[in-house]
Amino acid sequence: MARRRQAFGEGFALLAECLLTGVWFALAALPVVTIPAALAASSRHVAAYVDGDAAGWGGFWADFRVAWRQSWRAGLVLVGAAVLLALNLVVLAQEGVPGRAGFALATVIVAGVAVTVLLRAAAAWAVGERWRSLWSVALAETREDVSGTGILLGGVAVLAACAWALWLLVVPMSGCLIGAAVAVRRRRIARVEAEGRGR
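Criteria and thresholds
- Residues numbered from 1 in each chain as written.
- Predicted model: local features only at pLDDT ≥ 70, side-chain atom pairs only at ≥ 80, totals over all residues.
- Heavy atoms only, no water.
- Helix = DSSP H or I, 4+ residues; strand = E, 2+ residues; numbered from the N terminus.
- Rg over C-alpha atoms; globule rule 2.2 N^0.38 Å.
- Buried < 20%, exposed > 50% of the residue type's maximum accessible area, 1.4 Å probe, protein only.
- Contact = heavy atoms within 4.5 Å.
- Areas by Shrake-Rupley, 256 points an atom, 1.4 Å probe, with all protein chains shown as cover.
- UniProt positions renumbered as here; feature names shortened; annotations may be inferred.
- Core = buried A, V, L, I, M, F, W, Y, C linked by side-chain atoms within 4.5 Å.
- Expected span 1.5 Å × (residues − 1).

In the annotation of an unreviewed UniProt entry, the entry for the protein reads DUF624 domain-containing protein, and the organism field reads Glycomyces rhizosphaerae.

On to the overall build of the protein. A tally of helices and strands in the protein yields seven helices and zero strands. Seen in sequence order, the protein has helices and strands lined up from the N terminus as α-α-α-α-α-α-α. Against the compact-globule benchmark of 16 Å for 199 residues, the protein has a radius of gyration of 18 Å, which places it among compact chains. With the C-alpha coordinates aligned to their principal axes, the bounding extent of the protein is approximately 65 × 40 × 40 Å. Counting across all 199 residues of the protein, residues that qualify as buried make up 33%. Contacts in the protein between residues at least 24 apart in sequence constitute 69% of all its contacts with a sequence separation of at least 6. For the protein, the exposed surface amounts to about 11700 Å²; the carbon and sulfur share of it is 69%.

The UniProt feature table records "transmembrane region" (unreviewed entry) at residues 72-91, 103-127 and 151-184. Between the end C-alpha atoms of residues 72-91 there is a gap of 29 Å, over a span that is 100% helix and 0% strand. Between the end C-alpha atoms of residues 103-127 the distance is 39 Å, and the span holds 84% helix and 0% strand.

Leu39, Phe64, Trp125 and Trp131 are the most contacted members of the largest nonpolar core, which totals 36 residues. Within the residue set of this core, elements represented by two or more residues are α1 (2-28), α2 (35-50), α3 (57-92), α4 (100-123), α5 (131-144), α6 (146-165) and α7 (170-198). Take this core: its biggest share by element is seven residues, from α2. If near-sequence neighbours (up to four positions away) are discounted, phenylalanine 64 is found in contact with Ala28, Thr34, Ala37, Ala38 and Ala41.

The next subject is α4. Compared with the 34 Å implied by 1.5 Å per residue over 24 residues, the 34 Å span of α4 between its first and last C-alpha is a close match. When α4 is considered as a whole, its buried residues turn out to be Thr107, Gly112, Thr116, Val117, Leu118, Leu119, Arg120, Ala121, Ala122 and Ala123.

Turning our attention to unusual backbone geometry. A positive phi angle, near 70 degrees, is found at valine 32, a position not held by glycine. Looking at the secondary structure, you find valine 32 in the loop between α1 and α2. On the basis of relative accessibility, which here comes to 41%, the residue valine 32 falls in the partly exposed class.

To continue, consider the side chain of threonine 21. The topology assignment puts threonine 21 in helix α1. The exposure class assigned to threonine 21 is buried, which follows from its relative accessible area of 0%. Ignoring sequence-local partners within four residues, the contact set of threonine 21 consists of Ser42, His45, Val46 and Gly175.

Tracing the backbone through its elements, the reader meets leucine 169 in the loop between α6 and α7. The class of leucine 169 is partly exposed, set by a relative accessible area of 34%. For leucine 169 and leucine 159, which are 10 residues apart along the polypeptide, the C-alpha to C-alpha distance reads 8.0 Å.

Encoded structure:
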């Protein structure tokens, strides 16, 4: 019973830390172009908390500044891709566009997969990592780790539903999604290590 209570307490504390991380992420991501850096710093913060390292406001912003210097180009690409997808949806919203329902669905799926790849890349970020390498690894993991990709896509869908229902829910749910990205990455690493020991 005591062990069960301890596990519940640790899980509840992690949830609270993810919710707090969502607030920090929202502040750091306000300029939009800083979203990759904000995700990277947030993921690093959650990972540090899980490892029992000292993680706080100062550490988060220090990581964010480093990540921003490395990811501003990725931020510009993100903004450009988001604008193109939004324009595509605007066009598809017009009457008379042939096959617009199918194209709209495809656009939403592409956007969800793109966010999933971004989450994986941010969860793998560390000081000195090149974002080009992070993108390549994230794309490979998205293809190979189907269950992890499904978890993240589900999280993105929940975040979108929360934003549609009440936009303020985006803040805490962002932290939960970042926590999920860190968990998916660690699960994959553990699985690869287990397969390596089994050979």
